[in-house]
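A look at the structure
Listed below are the residues making up each chain.
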Amino acid sequence: MSSQRPSAWYAVPAFAFFALFAALPMLLVIYLSFTAWDGLGSPAVNGGENWSRLLEDSEARASVWRTLLLMVVSWLVQTPIALLIGVWAAGKQRSRAVLSSIFFLPLLLSTAAIALLWQALLEPNFGAFVGGPLFLGDPDIALYTVVLVISWQFIPFHTLLYQGAARAVPPSLYEAATLDGASRVSKFRHITLPQLRYTVVTSSVLMLVGSLTTFDTVLILTNGGPGTATRILPLHMYITGFSGFEMGYASTIAVVLVVLGTALSLAVMRWSGFRSMSSQQEGS
Amino acid sequence: MGLVALTAVVSACGTSGPGETNTGALKIWALEDPVLNKIENQSIDSFKAGGGNASLETFGNDPYKQRLRVAIGSPQAPDLFFNWGGGNLKEYVDAGKVADLTSVLEENKAVKDAFIPSVLDGAKLGDKYYGVPMRGMQPVLLFFNKKVFTEAGAQPPTTWDELLTLVDTFKAKGITPIALAGTQAWTELMWAEYVLDRVAGPEVFKNIRDNGPAGWKDPAVVEAMTKLKDLIDRGAFGTSFASVGYDAGGASTILAQGKAAMHLMGSWEYTNQLDQSPDFVKNGDLGWVAFPSISGGKGDAGNLVGNVSNFYSATTDSKSLDAAKKFVTTELNKDSYIEALVAAGDVPPVVGAEEKLKKSPNPEYASFIYELVLDSKNFQLSWDQDLPADDATFMLTQLQEFFLGKVSPQQFVDAVAAR
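This one's a predicted model, so the numbers in the text were calculated from it and none came from an experiment.

1. A word on the overall build of chain B
Within chain B one finds 22 helices and 13 strands. Rg of the C-alpha trace for chain B: 22 Å, near the compact-globule value of 22 Å for 419 residues, within the 12% margin. On the principal axes, the C-alpha backbone points of chain B span a range of 75 × 50 × 40 Å. A buried classification covers 58% of the 419 residues belonging to chain B. Here the analysis covers contacts within chain B between residues at least 6 apart in sequence; of these, 76% occur between residues at least 24 apart. Charge centroids of chain B, computed over 37 positive and 52 negative side chains, lie 1 Å from each other.

Spelled out as structure tokens, the structure:
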């Protein structure tokens, strides 16, 4: 026991689990992406046919764009709201505890329940907005409606992250700033935001990768419609695989999703300097 | 599902009596339906009483299709499985997974003759039979709200031109002329199926199904889709159809409430209305007619589209193939089974059911459907069930874009023909 670190054997269960439930299925999917398989009989290797088809598939391309749009807009909507509510909820106001638990409610509902709830609310004949915009029926706004529903569901979670982090900001920093006569806005800008930097990164990675793989909400809420207006990549994969039974081609789309997701989280980490992070405790 | 699992366990325990050659109970898979599952279980009881052994497992619609796809050909495969006939069944037949039932049907002539030929043909591929009908017939009808029609002084349409005029009539009164649950493409498909059939007859689609997507290039398809586009552009379906769902009850409810005047739907709409808006049906306000004729069109005005029936088909690898054959030739044409279907409001696909249908809970409606099917020259299975799954999925997507006005009739044809 010369080293302070636990022995490498401690990692064996985790590695075994990862190999069995993540690595192995992923290898199988990569294999399937080079086959034609309709679910009947055994997969037949067809070389790069699925991959060249993917390059020409305008529907796949469009769904990649929709996914990216959904991701960016979700991030733009969720981050500022979650940040502001989180910082506010970390304060000492009297109404804080009650309001925070109300904000938290959507996170307690299952995704299916949320999707069905909003579907009913937005129903054009019997919903809450009869005569209003066709939130789910207008191809030009349906994707933004999806963003709203997803944000409603997940902002509470990110609020929680920011709330926790904001509470960890040393009060001495604010006291010093108050003595210097700083306004609330400049305290937020110059103390809170920089201190929450790593929380922003964490929350953003979760948000971006989360919206890349968003599936259940859209499946139930719009099933990709109207037309293909909300058919994002994971849903395109699902429809190809489980309605069209083109399992080989659906696997190809799945591989693209894995690559996109990995690249994205690596990019966010690098861009934000997260990897060079040293302990936040030091120097505080 | 708990019950289903339990049934499976119980039946698994009751396997093989002495001297039995097969390995156990006949495993039957069907679609979940509280009313009809009860009847299916009765048929199993009757089979058991005759010395056989069988058990039923049921699944929701989409899970069923996925489950069957994965299970068939594996040791978990059922011995008898529920299906829709047509191209849906063809994929399994082409893969060599479905047993040919022609010889048993020929040996049991009485069974074969018990079913309406055009319905039995729903599971006929080439000159071989691969399934036996096991549920009622579900043609697509044009439903309408009688009260709304009376108030407008209008008559249900018998021709396409009358339908167009009615659209203007109801629009002027602020009523959506036709309810359409457009979140689901199969509701839109019913329109395309009927219009093409009336314009060109059933051969154009049969050619597409049998000879591949190039068949879509038949000029009749563009002509039919152009007619349909006129209807959409005229405002027949209102503006919000793309976010109305059928499963959520949206389209049926606006018909019942008089916010919409007509609704093209499968015959199950009647039971659905009875369930959701019982007063609407009991007051006699729900009306129904066959799809209008199109003048100058080649298709016979009596032709139908919809679900011809559902079928039980046997799997080739079944260890209980003989028992499966015995089941489909003894249980599905039994009087008790047919009567149970009638009592549940179904219209069984057997010949000479007129008397039985008089005892149906909705005799007028049941007899209407029965006569309609008997008189029809052609009963086309829904296209999405009749085409291979990948082509069908692609076509449904294109159709939704078409209804949204994003794809023109020509673009629709070009897209589906290029598959």
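This is not the end of the story, as more comes after the structure.
2. What to know about the interface of chain A and chain B
Facing 23 residues of chain A, the contacting portion of chain B comprises 27 residues. Each partner contributes to the roughly 2,100 Å² buried at the junction of chain A and chain B, and carbon and sulfur atoms together form 60% of this total. Broken down residue by residue, the surface that chain A buries against chain B is led by Leu40(A), Phe126(A) and Phe245(A), which jointly contribute 27%. Scanning the region where chain A abuts chain B turns up one salt bridge. Between Arg419(B) and Glu246(A) there is a salt bridge, with the nearest N and O atoms lying 3.7 Å from each other. In this structure, the connection of chain A to chain B is made through seven residue pairs in polar contact (both at pLDDT 80 or more). Looking at the side of chain A that touches chain B element by element, the count peaks at three residues for helix α11 (residues 233–242) of chain A. Of the residues assigned to the side of chain A that touches chain B, the class counts are eleven nonpolar, seven polar and five charged.

3. Looking at unusual backbone geometry
Trans peptide bonds make up the majority, and among non-glycine residues the majority have a negative phi. Residue and element names in this part refer to chain A. The omega torsion across glycine 225 and proline 226 is -5 degrees, close enough to zero to call that bond cis. If you trace the backbone, proline 226 turns up in the loop between α10 (216–221) and α11. You will see that asparagine 223, though not glycine, has its phi angle at about 50 degrees, which is positive. Along the polypeptide, asparagine 223 turns up in the loop between α10 and α11.

4. Here's the deal with the pattern of salt bridges
Taken as a whole, this structure holds 19 salt bridges over all chains when the rule is applied. Linking Asp233(B) and Lys229(B) is a salt bridge whose minimum nitrogen-to-oxygen distance equals 3.4 Å. On the criterion of helical spacing, the pair formed by Asp233(B) and Lys229(B) is a turn pair, its members being four residues apart in helix α12 (residues 219–233). The class for Asp233(B) is exposed, based on a relative accessible area of 53%. Relative accessible area serves as the criterion here: at 24%, Lys229(B) is assigned to the partly exposed category. We note a salt bridge from Lys334(B) to Glu331(B), for which the minimum N-O separation is 3.3 Å. With relative accessibility at 32%, the residue Lys334(B) sits in the partly exposed group. Among the charged side chains, a network of salt bridges with common partners joins Arg53(A), Glu246(A), Asp390(B), Asp391(B) and Arg419(B).

5. Quick notes on the pairing of strand β2 (residues 54–59) of chain B
All names here are of chain B. Counting buried positions along β2 gives six out of six residues, so the element sits mostly inside the fold. Along β2, one buried face is formed by Ala54, Leu56 and Thr58 and the opposite face, lined by Ser55, Glu57 and Phe59, is buried too. Relative to β2, strand β1 (residues 26–31) runs parallel, the two sharing six bridges. By the bridge assignment, tryptophan 29 is partnered in β2 with glutamate 57. Between the parallel elements β1 and β2, the chain passes through helix α2 (residues 34–49) in a crossover that is right-handed.

6. Some remarks on helix α1 (residues 12–32) of chain A
Relative to the 30 Å expected for 21 residues at 1.5 Å per residue, α1(A) spans 28 Å between its end C-alpha atoms, a close match to the ideal helical length. When the local axis directions of α1(A) are compared, the greatest deviation, roughly 40 degrees, occurs at Ala19(A).

7. Things to note about the side chain of Ser382(B)
When you line up the elements, Ser382(B) lands in the loop between β13 (379–381) and α20 (383–386). Non-local contacts of Ser382(B), meaning those with residues more than four positions away in its chain, are made with Glu193(B), Gly306(B) and Asn307(B).

8. A word on the pairing of strand β11 (residues 304–307) of chain B
Residue and element names in this part refer to chain B. Across two bridges, strand β7 (residues 138–145) lies against β11 in antiparallel orientation. Along β11, the bridge assignment pairs proline 139 with glycine 306. Sheet analysis places β11 next to β13, joined by three bridges and oriented parallel. Counted as the bridge partner of leucine 304 is phenylalanine 379 from β13.

What counts and what doesn't
Residues numbered from 1 in each chain as written. Chains lettered and ligands numbered in written order. Predicted model: local features only at pLDDT ≥ 70, side-chain atom pairs only at ≥ 80, totals over all residues. Heavy atoms only, no water. Helix = DSSP H or I, 4+ residues; strand = E, 2+ residues; numbered from the N terminus. Rg over C-alpha atoms; globule rule 2.2 N^0.38 Å. Buried < 20%, exposed > 50% of the residue type's maximum accessible area, 1.4 Å probe, protein only. Contact = heavy atoms within 4.5 Å. Lys, Arg positive; Asp, Glu negative; His and termini not counted. Charge placed at Lys NZ, Arg CZ, Asp CG, Glu CD. Buried area = accessible area lost by both parts, 1.4 Å probe. Salt bridge = Lys/Arg side-chain N within 4 Å of Asp/Glu carboxyl O. Polar contact = N/O pair within 3.5 Å; in protein donor to acceptor, adjacent residues only side chain to side chain. Nonpolar A, V, L, I, M, F, W, Y, C, P; charged D, E, K, R; others polar. Pairing = 2+ DSSP bridges. Right-handed = clockwise from strand over helix to strand, strands pointing away. Expected span 1.5 Å × (residues − 1). Bend = angle between axes of the 7 residues up to and from the residue.

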